[in-house]
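In case you want the letters, here they are:
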Amino acid sequence: MVQIAPSMLAADFLHLEKDVELVNKYADMFHLDIMDGTFVPNISYGFPIVEAIAKKATKPMDAHLMIVHPEKYVDRFAKVGVQMLSFHLNAVDNAGQVLAQIRAAGMSPGLAINPDIPVSRLFPDLDQCDYVVLMSVFAGFGGQKFIEATYNRLSEVKAEIIKQGVSCKVQVDGGISAANSAKLVELGADILVAGSAVFKADNPAAVIEAMK
Ligand code: DX5
Ligand code: ZN
């Protein structure tokens with residue numbers, strides 16, 4: 001069954017505990033978007049928020065690093081209890097090395113890719129990834145419109161995973177709602193990230209159920 005990863009970027013930071021409990025109860029993992037204002041134009045949040053979520057989280061934490069030099073922070077994310085850690089392939093010189101570093105730190109490594117980079121750039125490192133993060137919007141902001149070309153990119157990545165015989169999951173991230181989740185699941189998405197669709201809804205639990 002597809003897993004739903006609500007993006008805490010869209011949570012209510014004045015009532016964060018309420019939204020953490022919602023994920024604990026109805027979803028599969030916490031998606032934590034870390035932005036540095038350099039790799040992407042926006043700045044999100046950092047360790048104080050991740051630590052606060054960690055105190056109450058009973059589901060795994062999946063951090064999506066949209067930062068330069070992700071390798072500098074691997075140990076720190078392991079220490080706060082993050083189980084899944086992804087970074088963008090164009091943020092580093094040697095993706096394989098950083099994937100290995102994340103695994104050595106005891107976390108599941110993931111490799112993220114923006115919509116304007118050919119998915120073939122993921123292929124040499126698929127055997128080292130527990131998951132890839134296929135961006136369906138340009139990394140940097142929540143609430144953007146889903147890019148339709150993602151469907152073909154997802155099919156391409158899934159075909160290559162099968163061809164290589166590796167056990168890499170595909171997480172799709174950005175602009176996801178109950179309106180496009182069915183097609184993504186049909187094409188083989190393993191994890192769907194959704195921020196606005198979940199937290200801006202009147203009934204977030206129902207939205208999570210609908211996406212599943
Ligand atoms: C975009 C982030 C996404 C985003 C998802 O840079 O990686 O995780 O917050 O939010 P929605 O679902 O609002 O597009
Ligand atoms: Zn994300």
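Residues numbered from 1 in each chain as written. Chains lettered and ligands numbered in written order. Predicted model: local features only at pLDDT ≥ 70, side-chain atom pairs only at ≥ 80, totals over all residues. Heavy atoms only, no water.

Novice: Which residues make up the overall build of the protein chain, and what are the values?
Specialist: If you tally the helices and strands in the protein chain, you get eight helices and eight strands. Against the compact-globule benchmark of 17 Å for 212 residues, the protein chain has a radius of gyration of 16 Å, which places it among compact chains. Expressed as lengths along the three principal axes of its C-alpha atoms, the size of the protein chain is roughly 40 × 35 × 30 Å. A total of 212 residues make up the protein chain; the buried ones form 52% of that total. The long-range share in the protein chain, meaning contacts at least 24 apart out of those at least 6 apart in sequence, stands at 63%. Here the protein chain displays about 9400 Å² of accessible surface, and carbon together with sulfur accounts for 52% of that area. Across the protein chain, the 18 positively charged side chains and the 24 negatively charged ones have centroids separated by 3 Å. (Helix = DSSP H or I, 4+ residues; strand = E, 2+ residues; numbered from the N terminus. Rg over C-alpha atoms; globule rule 2.2 N^0.38 Å. Buried < 20%, exposed > 50% of the residue type's maximum accessible area, 1.4 Å probe, protein only. Contact = heavy atoms within 4.5 Å. Areas by Shrake-Rupley, 256 points an atom, 1.4 Å probe, with all protein chains shown as cover. Lys, Arg positive; Asp, Glu negative; His and termini not counted. Charge placed at Lys NZ, Arg CZ, Asp CG, Glu CD.)

Novice: I'd like a description of the site of ligand 1, backed by residues and values.
Specialist: Lining the immediate surroundings of ligand 1 are 20 residues, of which Asp-33, Gly-140, Asp-173, Gly-195 and Ser-196 lie closest. Within the side chain of His-64, an N or O atom sits 3.2 Å from an oxygen atom of ligand 1. Separating an oxygen atom of ligand 1 from a backbone N or O atom of Gly-143 is a distance of 2.8 Å. Taking 380 Å² as the accessible area of ligand 1 by itself, protein coverage stands at 99%. Residue assignment for the shell around ligand 1 shows that the elements contributing at least two residues are β2 (30-35), β3 (61-66) and β8 (191-194). Per-element accounting of the shell around ligand 1 gives the leading share, three residues, to β2. Here the shell around ligand 1 is composed, by residue class, of eight nonpolar, ten polar and two charged. (Near = heavy atom within 4 Å. Polar contact = N/O pair within 3.5 Å; in protein donor to acceptor, adjacent residues only side chain to side chain. Nonpolar A, V, L, I, M, F, W, Y, C, P; charged D, E, K, R; others polar.)

Novice: Give a detailed account of the environment of Asn-94, specifying residues and quantitative values.
Specialist: Structurally, Asn-94 can be placed in the loop between β4 (84-88) and α4 (95-104). When the C-alpha atoms of Asn-94 and Asp-28 are compared, they prove to be 30 Å apart, with 66 residues separating the residues in sequence. Of the polar contacts made by the side chain of Asn-94, one reaches the backbone nitrogen of Gly-96; its length is 3.2 Å. A polar side-chain atom of Asn-94 sits 3.0 Å from a polar atom in the side chain of Gln-97.

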